[in-house]
Amino acid sequence: MGTSDVLSIGLSGAITAQRALSTAGHNIANAQTEGFSRQRVEVGTRPPQLSGVGALGTGVKINNIERIHDEFIVSEMRSNASIASALQTNYEFTSQIDNMLADPDAGLAPTLQQFFAAINNVSNDPSSQSARQVLIGEANALSERFSYLDSRFESLRKGTNETLKSHIKDVNNLAKAIADVNWKIVLAREVTQGEPSDLLDQRERLLHQLSDKVVVRSNEQEDGALNVFIGNGQTLVIGKRHASLDLKANQHDPSQLEVVYKNQGVDSIVTKFMKGGSIGGLLDFREYMLGGAQNELGRIAIGVAKTFNDQHHKGMTLDNELGGDFFNAIDKSTPLTLPSN
């Protein structure tokens, strides 16, 4: 073996060691980087030199810079992130209703108790003018409390819609970012014939952020690009192209926004398919908590007004006349009707 061969082998070892040290330094420098995957240098022998006495070694080479990554674990993390985000969002908005109704000063229960206490005082002394005035005052307070709570529910509905708009905007930005990184990964693989680990980590972080908004599924193409699906299989990202989401008013209830999937000029309402993540948590809250609580408040108001009016009709005034409606009969007013196809 000549001197040049020895120098070549030594040089290959020095270069390989340098690359290994650089990779180790890269790992240490990014120890606190969110979503960073540790990298490892895989080495192997260089092709041997054939001679009359056998195959002579020619040194060492770097086969690959491996990204230490477990797709199953990452997929489970994304799934759990979607569930946790949905529950947290639902809890935050549901707590607002709970705090509002349970408030000892602004809730419904204290005002109802004061109203019924005033009724008892009138029943104990029907001829007392002061007791009657107190009852009228408490009835007005109860009516105002129902109106106040309903306005709070409407404000919460508007807040829900504004938060939903913000999350939809985030989804669209993330979809575009993932499509852009897809294109960079494809180009990098064509040039280096290896895995662009840092770009893959960047895409994984974006995908994790997207899973905080809504449940996502993905599969990788042969060229390294990632296809991302949401809802009922709607394609959000395919290669370097991406679709988008939008919101529009429900045709039967303008106060309720529907999630619209927009792709290549075709719009589809996908509200019922948006599960998990902060978007799914918001939609569940709006449908099962906000709407239900507001409807229940309305039923309580109608029930109290109707029941008290029915009883009031059976009573006598101080002028020995039958009583009339004490509360306005809100269940007899003309309901709002909206067109439907």
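Attention here is on the structure that accompanies the text. (Residues numbered from 1 in each chain as written. Predicted model: local features only at pLDDT ≥ 70, side-chain atom pairs only at ≥ 80, totals over all residues. Heavy atoms only, no water.)

**Here we look at unusual backbone geometry**
Quick note on the threshold: For helices the rule is a DSSP run of H or I covering at least 4 residues; for strands it is a run of E covering at least 2, with both sets numbered from the N terminus onward.
One non-glycine residue, Gln264, adopts positive backbone phi at about 55°. With respect to the secondary-structure elements, Gln264 resides in the loop between β10 (257-263) and β11 (266-269).

**Considerations on helix α3 (residues 108-124)**
Think of an α-helix as 3.6 residues a turn; residues three or four steps apart then line up on the same face. Here is the rule we go by: Expected span of a helix, by definition, is 1.5 Å for each gap between consecutive residues, and there is one gap fewer than residues. Burial classification: accessible surface area is computed with a 1.4 Å probe over protein chains only, and a residue below 20% of its type maximum counts as buried, one above 50% as exposed, and the rest as partly exposed. Two residues form a contact once any of their heavy atoms are found within 4.5 Å.
Here α3 spans 25 Å end to end across 17 residues, near enough to the 24 Å set by a 1.5 Å rise per residue. Taken together, the buried positions of α3 are Leu108, Pro110, Thr111, Leu112, Phe115, Ala118, Ile119 and Val122. Buried residues along α3 sit in contact with α2 (71-102), α4 (129-192) and α6 (277-313).

**A look at the pattern of salt bridges**
Condition: For salt bridges, the criterion is a side-chain nitrogen of Lys or Arg within 4 Å of an Asp or Glu carboxyl oxygen.
Under the counting rule described, the total for this entry stands at nine salt bridges. For Glu195, the salt bridge identified is with Arg189, shortest N-O distance 3.8 Å. Beyond isolated ion pairs, a larger network of salt bridges with shared partners links Arg189, Glu195 and Glu220.

**Let's talk about the packing of α4 against α6**
Definition in use: Note on method: axes are straight lines fitted to C-alpha atoms, helices fitted across the in-contact stretch only, with angles between N-to-C directions ranging 0 to 180 degrees. Note that the term roughly parallel is reserved for angles under 35 degrees, roughly antiparallel for angles over 145, roughly perpendicular for angles of 65 to 115, and oblique for everything else. Here a crossing is called left-handed whenever its near helix is offset anticlockwise from the far helix by less than a right angle, and right-handed whenever the offset is clockwise. Each residue is assigned to one class: nonpolar for Ala, Val, Leu, Ile, Met, Phe, Trp, Tyr, Cys and Pro, charged for Asp, Glu, Lys and Arg, and polar for all the others, Gly among them.
Contact geometry of α4 with α6 gives a least axis separation of 11 Å together with a crossing angle of 165°. Between α4 and α6, the crossing angle belongs to the class labelled roughly antiparallel. Along this stretch, α4 crosses α6, giving a crossing that reads as left-handed. Of the residues assigned to the contact of α4 with α6, the class counts are 18 nonpolar, seven polar and four charged.

**Some thoughts on the packing of α2 against helix α5 (residues 197-211)**
Between α2 and α5, the shortest axis-to-axis distance is 8 Å and the interhelical angle comes to 30°. Accordingly, the angle class assigned to the pair α2 and α5 is roughly parallel. Here Val74, Met77, Arg78, Ala81 and Ser82 of α2 come into contact with α5, specifically with Glu204, Leu207, His208 and Ser211. Of the residues in the contact of α2 with α5, the class split is four nonpolar, three polar and two charged.

**Considerations on α4**
For α4, spanning 64 residues, the distance from its first C-alpha to its last is 93 Å, which sits close to the expected 94 Å at 1.5 Å a residue. One or two positions beyond α4, positive phi appears at Gln193, with a value near 60°.

**A short note on the nonpolar core**
Worth spelling out the cut-off: Remark: nonpolar core denotes a set of buried residues (Ala, Val, Leu, Ile, Met, Phe, Trp, Tyr, Cys) joined through side-chain atoms within 4.5 Å.
Ranked by internal contacts, the top residues of the largest apolar core, which has 56 residues, are Phe115, Leu210, Val228, Leu245, Val259 and Met274. No other element matches α4, which puts 17 residues into this core. When residues no more than four places from it in sequence are discounted, the contact partners of Leu245 are Ile168, Val171, Asn172, Ile230, Val259, Val260, Tyr261 and Met274.

**A closer look at the environment of Gln18**
Along the polypeptide, Gln18 turns up in helix α1 (residues 3-29). For Gln18, a relative accessible area of 46% puts it in the partly exposed group. Residues Gln18 and Ile136 lie 118 residues apart in sequence; the distance between their C-alpha atoms is 88 Å.

**Focus: the layout of surface pockets**
To locate leftover empty space, one rolls a probe as large as a water molecule over the atoms. Under the convention used in this document: Buriedness of a pocket was judged along seven lines, with at least five required to meet protein on both sides within 12 Å; pockets are open sets of points on a 1 Å grid over the protein atoms alone, cavities are sets where a 1.4 Å probe fits but cannot get out, and lining residues have an atom within 4 Å of a point. Grid points are joined across faces, edges and corners, and a volume is the space filled by probe spheres set on the points.
Here the second largest pocket is characterised by a volume of approximately 500 Å³. As for the second largest pocket, its lining consists of 17 residues, of which Val122, Arg132, Leu135, Phe308 and His312 are closest to the centre. Breaking the lining of the second largest pocket down by element, the ones donating at least two residues are α3, α4 and α6. At five residues, the largest contribution of residues to the lining of the second largest pocket is made by α4. Across the lining of the second largest pocket, the residue classes tally to eight nonpolar, eight polar and one charged.

**What about the pairing of β10?**
Our working definition: Strands were regarded as paired on the criterion that DSSP finds at least two bridges between them.
A large share of β10 lies buried, amounting to five of its seven residues. Bridge analysis of strand β9 (residues 244-249) against β10 gives six bridges, and the strand direction is antiparallel. When the bridges of β10 are listed, Ser244 appears paired with Lys262. Hairpin connection between β10 and β11: a loop of two residues separates the two successive antiparallel strands, and Gln264 in this loop has a positive phi of roughly 55°.

**Describing the packing of aromatic side chains**
Worth spelling out the cut-off: Stacked, edge-to-face and tilted labels apply to pairs of Phe, Tyr and Trp rings (six-membered ring for Trp) whose centres lie within 6.5 Å, assigned for plane angles under 30 degrees, over 60, and everything in between, in that order.
The tally for this structure, following the rule as stated, stands at seven aromatic pairs. Consider the rings of Phe115 and Phe327, whose centres lie 5.8 Å apart with planes at 55°: the pair is tilted. In this pair, Phe115 is assigned in helix α3 and Phe327 in the segment after α6, connecting sequence segments 212 residues apart. Taken individually, Phe115 and Phe327 each receive the classification buried, so the pair is uniform in this respect. Ring geometry for Phe308 and Phe327: centres 5.8 Å apart, planes at 70°, overall edge-to-face. You can see Phe308 sitting in helix α6 and its partner Phe327 sitting in the segment after α6, a full 19 residues away along the chain. This pair shows no difference in class: Phe308 is buried, exactly as Phe327 is. Each residue in the set Phe115, Phe116, Phe308, Phe326 and Phe327 is aromatic and connected to the rest through ring pairs, giving one cluster.

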